[in-house]
Amino acid sequence: MSNPFRDLPSMTKLLDAPALVAARDRHPPATITAAARSALDSLRAKLSSGAALTTSVDALAAQIVAMLDVATAPVLRPVINATGIVLHTNLGRSPIHEEAARAAYEAARGYLNLEMDLASGKRASRQGNVRAGLKAITGAESATAVNNCAAATVIALRAIAAGKEVIVSRGQLVEIGGSFRIPEVMAVSGATLREVGTTNITRVSDYERAITPNTAAVMRVHASNYRVRGYTKSVDLAQLVELGRKHNLTVIDDAGSGQAIDLTPFGLPDEPLVSASIATGADLVLFSGDKLLGGPQCGILAGKAALIQLIEKDPLMRAFRLDKMTLAALEATLRLYRDPALALREVPTLRMLTAPLAALRQRCEAFAEWLRAIPGVTVGVREDVAFVGGGSLPDVGVPTAVLAVSAERISESELATRLRTGTPAVVGRVQDGRVLLDLRCVLEWQEEELLEAVRLAVRE
Ligand SMILES: *Cc1c(COP(=O)(O)O)cnc(C)c1O
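Residues numbered from 1 in each chain as written. Predicted model: local features only at pLDDT ≥ 70, side-chain atom pairs only at ≥ 80, totals over all residues. Heavy atoms only, no water.

As named in an unreviewed UniProt entry, the protein chain is L-seryl-tRNA(Sec) selenium transferase, taken from Frigoriglobus tundricola. Quoted verbatim from the Function (unreviewed entry) field of the UniProt record, the comment on the protein chain reads "Converts seryl-tRNA(Sec) to selenocysteinyl-tRNA(Sec) required for selenoprotein biosynthesis." Recorded in UniProt under Subcellular location (unreviewed entry), the annotation for the protein chain is "Cytoplasm". (UniProt positions renumbered as here; feature names shortened; annotations may be inferred.)

Structure, rendered in structure tokens:
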């Protein structure tokens, strides 16, 4: 009987295979050696159990390299969002404008005047570069920014109301997701929550009765991800402002999504604008930078100058402050808002949300032609509903056009998996035996990559 291990390549021979030699430019020698040894070990184990050797040295080397490349690939990778959900928290919410992305990149790769006034050489405020832009979009006396809206809420409550009471309507004690629950946020801040009213009905008199000498503020919270329908009554901001003035209380408005431009002309719901909250008299408005504003992840606080000063002096500011990349990206995003028409045209989130149905359908038709050129692919264009998402207008549907794709001999779920695990990854929706690809959130420069991704997914 011949020795089954005779044809097993030696370690030296395997390591000298061209594929493994070429891999030395991206994997350390020890990693390659360890992978080769473990590949040979498992082959040896197979041979001892009676299997025949079927792989050549080159094929084995190629397998090892493929395995090494997969094992060391970055976990975070670009995704083409074909779900139609514009503010998809799991996919990173807002993609930022090219100029904002470049500003973050430049800030990251070198030094910058983060806290230095270059004219005088003296120390300057870190938030100074975004203050003017934030004041311009909100109309507030002053503004600042922290890591996200959750942080903005915590620091505002702490600075204004630690050790005191804050009145909130029961109907607004929401959980936004990712463990952001108003009662818990309140507890963390050191302020005491004073709930008033019921789930569906809260009146001004409910607030009024709850006021004590220890009350510091009343807070309105945007219900964001749910709606109470039917017999409901809530107190509007103007009434809260009146109440606050009468009793010398700070009025905080947690606006959530932070809409800076009226989107009703595009068929979107009548959401309160942050500038309207300020104009109505809210002392402090809080909102996210990466929801409807379309900027980097951050939380914005806009309002009375004295409150912003108080918040910036809070020790938590040091823990919640923005990093240089975000500050650079936020400044660049805010610059686009100098002209609302420019912002609507250029801010990716706004452009996606306001894309007209006819234009989307046209884009789908053109894309469908390309897809039909791929053998085995069947594609139709149909109308569907896209969602704003992002914890502020979650149930707001926007009419959209989608590509309904299927492939010969591949189930729709298999096709969706292949797309999701490809490079770049593509996330669509599976429905009625098809993979639906909504182009609303597919950026123009991603179209060619999307086409290639479908081509690869059906070929394997
Ligand atoms: C989204 C949201 C938050 C949380 O904002 P993050 O920026 O995700 O921390 C807080 N409050 C409201 C009302 C929201 O809609």
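A.B. asks: Describe empty space enclosed by the protein, listing the residues and the values that go with them.
C.D. replies: Taken as a whole and assessed by the stated rule, the structure comprises 1 cavity of 30 Å³ or more. The calculated volume of the largest cavity comes to roughly 40 Å³. Lining the largest cavity we find Gly-258, Gln-259, Ala-260, Ile-261, Leu-263, Leu-292, Leu-293, Tyr-337 and Leu-350. Residues belonging to the lining of the largest cavity are distributed by class as follows: 7 nonpolar, 2 polar and no charged. (1 Å grid on protein atoms, 1.4 Å probe; cavity = no way out; pocket = protein on both sides within 12 Å on 5 of 7 lines; lining within 4 Å. Points joined across faces, edges and corners; volume = space filled by probe spheres on them. Nonpolar A, V, L, I, M, F, W, Y, C, P; charged D, E, K, R; others polar.)

A.B. asks: Describe the pairing of strand β12 (residues 284-288), naming the residues involved and giving the relevant values.
C.D. replies: Across the 5 residues that make up β12, a large majority, 5, are buried. Neither face of β12 is open: one carries Leu-284, Leu-286 and Ser-288, the other Val-285 and Phe-287, and all of them are buried. Bridge count between strand β11 (residues 250-256) and β12: 4 bridges; the pairing is parallel. Each residue of the ladder has a partner; that of Asp-254, found in β12, is Leu-286. In this fold, β11 hands off to helix α11 (residues 274-280), which returns the chain to β12; that crossover is right-handed. Examined bridge by bridge, β12 and strand β13 (residues 299-303) share 5 bridges and lie antiparallel to one another. When the sheet's bridge partners are listed, Ser-288 is paired in β13 with Gly-299. (Buried < 20%, exposed > 50% of the residue type's maximum accessible area, 1.4 Å probe, protein only. Helix = DSSP H or I, 4+ residues; strand = E, 2+ residues; numbered from the N terminus. Pairing = 2+ DSSP bridges. Right-handed = clockwise from strand over helix to strand, strands pointing away.)

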